[in-house]
Amino acid sequence: MADAETPTIYLRDYTPPAWLVEEVQLTFRLAPETTRVLSRIRFTPNPEATDRTFVLDGEGLTLISARIDGTEVDPTLTEAGLTCDVPDTAFVWEAEVEIAPASNTALEGLYMSNGMYSTQCEAQGFRKITYYPDRPDVMAPFSVRIESDLPVLLSNGNRVASGEGFAEWHDPWPKPAYLFALVAGELVNLPGSFTTRSGREVELNVWVRPGDEDKCDFAMEALKKSMTWDEKVYGREYDLDIFNIVAVDDFNMGAMENKGLNIFNSSAVLANARTATDANFERIEAIIAHEYFHNWTGNRITCRDWFQLCLKEGLTVFRDAQFTADMRSEPVKRISDVLDLRGRQFREDGGPLAHPVRPESFKEINNFYTATVYEKGAEVIGMLKRLVGDEAYAKALDLYFDRHDGQACTIEDWLRVFEDTTGRDLTQFKRWYSQAGTPRVVMTDDWADGTYTVTLKQSLPDTPGQTGKQPQVIPFAIGLLDPSGQEVVPTTLLELTETEQSFTFAGLADRPIPSPLRGFSAPVVLDRQTDAEERAFLLAHDTDPFNKWEAGRQLAKTALIDMIDGGQAPDDRYLDAVRRVVTDESLDPAFRSLCLGLPSEDDLAQSFADSGRTPDPQAIWDGREAMRGALAEVLSGDLGPLYRAHLVTEPYAPSAEQAGKRSLTNILLSLLTRRDGGAAAQGQFADADNLTQQIGALSALLTNGLGSLELASFAEQWSHERLVMDKWFMIQVAHARPADAARVADALTQRPDFAMTNPNRFRSVFGALAMNQAGFHHASGDGYRLMADWLIRLDPVNPQTTARMCSAFQTWRRYDADRQGMIREQLERIAALPGLSRDTAEMVGRILE
Ligand code: 0A1
Ligand code: ZN
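Residues numbered from 1 in each chain as written. Chains lettered and ligands numbered in written order. Predicted model: local features only at pLDDT ≥ 70, side-chain atom pairs only at ≥ 80, totals over all residues.

Details of the site of ligand 1
Glu122, Met253, Met256, Asn366 and Tyr369 are the nearest of the 14 residues found near ligand 1. Mapped onto the shell around ligand 1, the elements with two or more residues apiece are strand E20 (255-256) and helix H2 (278-293). Of the residues assigned to the shell around ligand 1, the class counts are five nonpolar, five polar and four charged. (Near = placed C-beta within 6 Å. Helix = DSSP H or I, 4+ residues; strand = E, 2+ residues; numbered from the N terminus. Nonpolar A, V, L, I, M, F, W, Y, C, P; charged D, E, K, R; others polar.)

Things to note about the confidence of the model for the protein
In this model, the protein carries a mean pLDDT of 98, and residues with pLDDT of at least 70 account for 100%. Reported for the predicted complex are a pTM of 0.99 and an ipTM of 0.99. (pLDDT = per-residue confidence, 0-100.)

Some details on the environment of Phe754
Within the element layout of this structure, Phe754 appears in the loop between helix H21 (741-749) and helix H22 (759-771). Phe754 sits in the partly exposed class, given 17 other C-beta atoms within 10 Å. Between the C-alpha atom of Phe754 and that of Ser764, which follows or precedes it by ten residues, the distance is 9.8 Å. Look past the residues within four positions of Phe754 in its chain and what remains in contact with it is Leu748, Thr749, Arg761 and Val765. (Buried ≥ 20, exposed ≤ 12 C-beta atoms within 10 Å, placed from the backbone. Contact = placed C-beta atoms within 7 Å.)

Notes on the UniProt feature "domain: Peptidase M1 membrane alanine aminopeptidase" (unreviewed entry) in the protein
This chain's UniProt record puts "domain: Peptidase M1 membrane alanine aminopeptidase" (unreviewed entry) on residues 218-432. Across residues 218-432, the secondary structure splits into 55% helix and 9% strand, with the terminal C-alpha atoms separated by 37 Å. (UniProt positions renumbered as here; feature names shortened; annotations may be inferred.)

Comments concerning the pairing of strand E3 (residues 35-45)
For strand E2 (residues 19-29) and E3, the ladder comprises ten bridges, and the chain directions are antiparallel. Residue pairing for E3: Phe28 is matched across the bridge by Val37. The hairpin turn running from E2 into E3, its antiparallel successor, is five residues long. As defined by bridge partners, E3 adjoins strand E9 (residues 91-99) across nine bridges and the pair is classed as antiparallel. From the neighbouring strand, Thr35 faces E9, where its bridge partner is Ile99. (Pairing = 2+ DSSP bridges.)

Description of the sheet that holds strand E30 (residues 513-516)
Taken together, three strands build an open sheet; the order of strands is E28-E27-E30 and the sheet is antiparallel. Each having just a single partner strand, strand E28 (487-496) and E30 make up the two edges of the open sheet. Strand-to-strand twist of the sheet, defined as the mean angle between neighbouring strand axes without regard to direction, takes the value 25°. Where strand E27 (residues 474-481) and E28 come together, seven bridges link them in antiparallel fashion. In the sheet register, Ile478 faces E28, and the bridge partner there is Thr492. (Axes fitted to C-alpha atoms, helices over the stretch in contact; angles between N-to-C directions.)

Looking at the environment of Ala536
Position of Ala536 among the secondary structure elements: in helix H9 (residues 532-541). For the pair Ala536 and Gly552, spaced 16 residues apart in the sequence, the C-alpha separation amounts to 7.0 Å. Aside from chain neighbours lying at most four places away, what touches Ala536 is Leu555, Arg573 and Ala577.

What about the sheet that holds strand E29 (residues 500-505)?
Pairing is mixed in the open sheet, where four strands are placed in the order E29-E26-E25-E31. The outermost strands of the open sheet, each flanked by one partner alone, are E29 and strand E31 (525-527). Sheet twist, expressed as the mean angle between neighbouring strand axes with direction ignored, is 25°. Sheet analysis places strand E26 (residues 451-459) next to E29, joined by six bridges and oriented antiparallel. Its bridge partner lying in E29, Thr453 is registered against Thr504.

Some words on the nonpolar core
With 236 residues, the main nonpolar core has Leu182, Val183, Ala219, Val246, Ile284, Val733 and Leu769 as its most contacted residues. In this structure, Val733 is in contact with Ala741, Val744, Ala745, Leu748, Val765, Ala768, Leu769 and Asn772, ignoring residues within four places of it in sequence. (Core = buried A, V, L, I, M, F, W, Y, C linked by C-beta atoms within 7 Å.)

Focus on helix H10 (residues 545-566)
Taking 1.5 Å of rise per residue, 22 residues should cover 32 Å, and H10 covers 31 Å from first to last C-alpha, within 8% of that figure. The buried count for H10 comes to 16 of 22 residues, which makes it a mostly enclosed element. Looking one or two residues beyond H10, the residue adopting positive phi is Gly567, at roughly 65°. (Expected span 1.5 Å × (residues − 1).)

Observations concerning the pairing of strand E15 (residues 166-175)
Most of E15 is tucked away: seven of the ten residues are buried. Here strand E14 (residues 158-163) pairs with E15 via five bridges, running antiparallel. Its bridge partner being in E15, Ser162 is matched across the sheet by Ala167. The antiparallel pairing of E14 with E15 creates a hairpin that spans two residues between the two strands, and Gly165 there sits at a positive phi of about 80°.

Notes on the packing of helix H4 (residues 330-349) against helix H5 (residues 371-388)
At a minimum axis distance of 10 Å, the contact between H4 and H5 shows a crossing angle of 120°. Relative to H5, the element H4 is oriented oblique. In this structure, H4 meets H5 at a crossing whose hand is left-handed. Within the contact between the two elements, H4 uses Asp340, Leu341, Arg344, Gln345, Glu348 and Asp349 and H5 uses Ala371, Thr372, Glu375, Lys376 and Glu379. Residues belonging to the contact of H4 with H5 are distributed by class as follows: two nonpolar, two polar and seven charged. (Parallel < 35°, antiparallel > 145°, perpendicular 65-115°, else oblique. Left-handed = near helix turned anticlockwise from the far one by under 90°.)

Notes on the environment of Arg838
In this fold, Arg838 is placed in helix H27 (residues 838-848). Along the primary structure Arg838 and Trp173 are separated by 665 residues, whereas in three dimensions their C-alpha atoms are 33 Å apart.

Here's the deal with the packing of helix H3 (residues 309-327) against H4
Taken N-terminus to C-terminus, the directions of H3 and H4 make an angle of 140°; their axes are 7 Å apart at the nearest point. Put simply, H3 runs oblique to H4. Judged by residue contacts, Ala321, Thr324 and Ala325 of H3 engage Glu330, Lys333 and Asp337 from H4. For the contact of H3 with H4, a count of residues per class yields two nonpolar, one polar and three charged.

Structure (structure tokens):
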């Protein structure tokens, strides 16, 4: 269906379902090309609806038979499902359909991956399994019987029976269809157990393909930690007798929170020291926690409709960030999250794909699993917590769980529990959910008679379909330091509610140095005219770790922009300040590593665009290279000793402490490689007993134009480990020089082990190409063409992943006319394809608009 013909769905059109489901029984007779699905569904009229039309969603199903209360019926089939005359009281619907999981490469509904059956039903995959009211506000208990010769047969809830060739599961908790799951295959498990605080014994399992048994321990431990944490911090206990996690190789996203049966992309669960990096371990811990936390924020309390997606996602991301901060380092987690927010969400908010945290319309809901819904959604919760305070937040959450357990809710329900527990009016706060775009806050200050005045002025840019926006409530945390570096006003929360507002601090002896927006207390762009001295001062003295890092980052950015734009030499104030931080043994190595990192090419390009200039990707790349050279130079005497002092030589542990040191030594190593011709990196590569150091060494070599032997030996060593090989694909594209990136990516796609049916492998090459800014935006246009060629190939195979990858083009309007012309040509080529998926058509249409 072409984009123009696809109907747009609006939040304002929501109506309650005509029919509710009291109970569902499903039987699956599994076969790769001809799986039979028998459904028996008890429908009752919804007293809240007036219309009694009976419509079931269904896509790509072959209907074999249908009955109502035991009598055969002949429903009218439509492109999107079926309709049928039904009684006006409760009735039982039975249907038998046939589906072909082996030909399902879209990875939505029931599909096969390496001989195993798996499902993905969020958002609207259940309708590819059987006819059903596939909407989250229809919740029901499910009973499932699976018939197959495969040894492991899993579904949601508790196992109630099993025998030769079958298993039966019952999930007593009413759930929407998007949380349904089924897995069948020749799997092996790491077993575990957990006793909840009220004494329920829970069987835990991590299920994987044979051969991956040695990569499950960490996930199991992460699960137990998550279960303990949710009891302790949110008072939430697990509610079934069993909790299963399954690893699947072919998966569009990270993982899925199906009730009692979480299904994971194998990259988000499998890990051991040799095959996973520190970053992988941290990500796995966070995703295990995220999916587990959904059991309450998402499953027990779900969303009324898909516009409310941030209700479960924003809150669950916020909860998993709290968990990671507790398990690891709070400042490091905050800095990493802000880097990610600025890198992905600000970029989205500033371009053609901008949408509110709660969107008001969509064509394909799968296109709205975005950084805005997830990450900005989490920031909004963080702001709410900051505004009401920790105690009130805890009270509001208790009320939320009490009041809404078992319901499908809205953002209005969520905000009401805060209003009811605090008496606060959140009408203005709610604008964070409805207005798209990143607010800009201009800060000016004044000093007179011992009083320091801060003036804040907010504005919100126009975004697609939204103009003339209203001021939002912006929690603005600020601290003040005196000229000696002592904190004279500790962190204070200013509430900016007007377009412009002033705040005063009286009784100060000297004009203070402000530390504004501490902890990044609101997702805004802070615009404050300041100089390198003040930033260097904050980098040296600020007690707020986020702002200490931020000061260094701003110094780096200004220095880089001056180099790229004005041809200036690297700023000594920046280089000196970094040297002081990196050699300061009182600071956490992970923090020092973050301070050594440079702003990304994309971040710099955005800064140019924000100030009305056209970014030159090659000049940005050259500037970063020159700055790395300058850093290597200024640190020349320190690199070797620092590297050796922090190199972890004891047995590998995926702890935050060791990871911080490895992060620091790896970044030092890449600078050292500029000076020693690769000797230290070759040594680390040869000695490494863990992937973090092995890949760190390989990256250091590749970034410096070395490492071809190591690259080959890496491939030989790891050819049997698909997740490690994903990194091998990725790293080559990521580190390719701008003129080579498209050619390197193209060559990798010719390899027999490149398979576009596997989203991880596809993303390893094309995600990396999109990230390699100077390569992707190379003046030849080769990057654009190659990307478009492959998106065109992938769309009929896997629309969801194709659509997500289209976002590589979302910043196109920043660039010069030549580049814009070349990108437009590629986007129009994609848009014109006959039979283009709804997913990709919507994305390309929005980007081009
Ligand atoms: N709900 C999952 C992520 C997820 C979302 C959509 C999917 O298919 C369109 C698959 C998974 C989470 O937040 O972890
Ligand atoms: Zn989630």
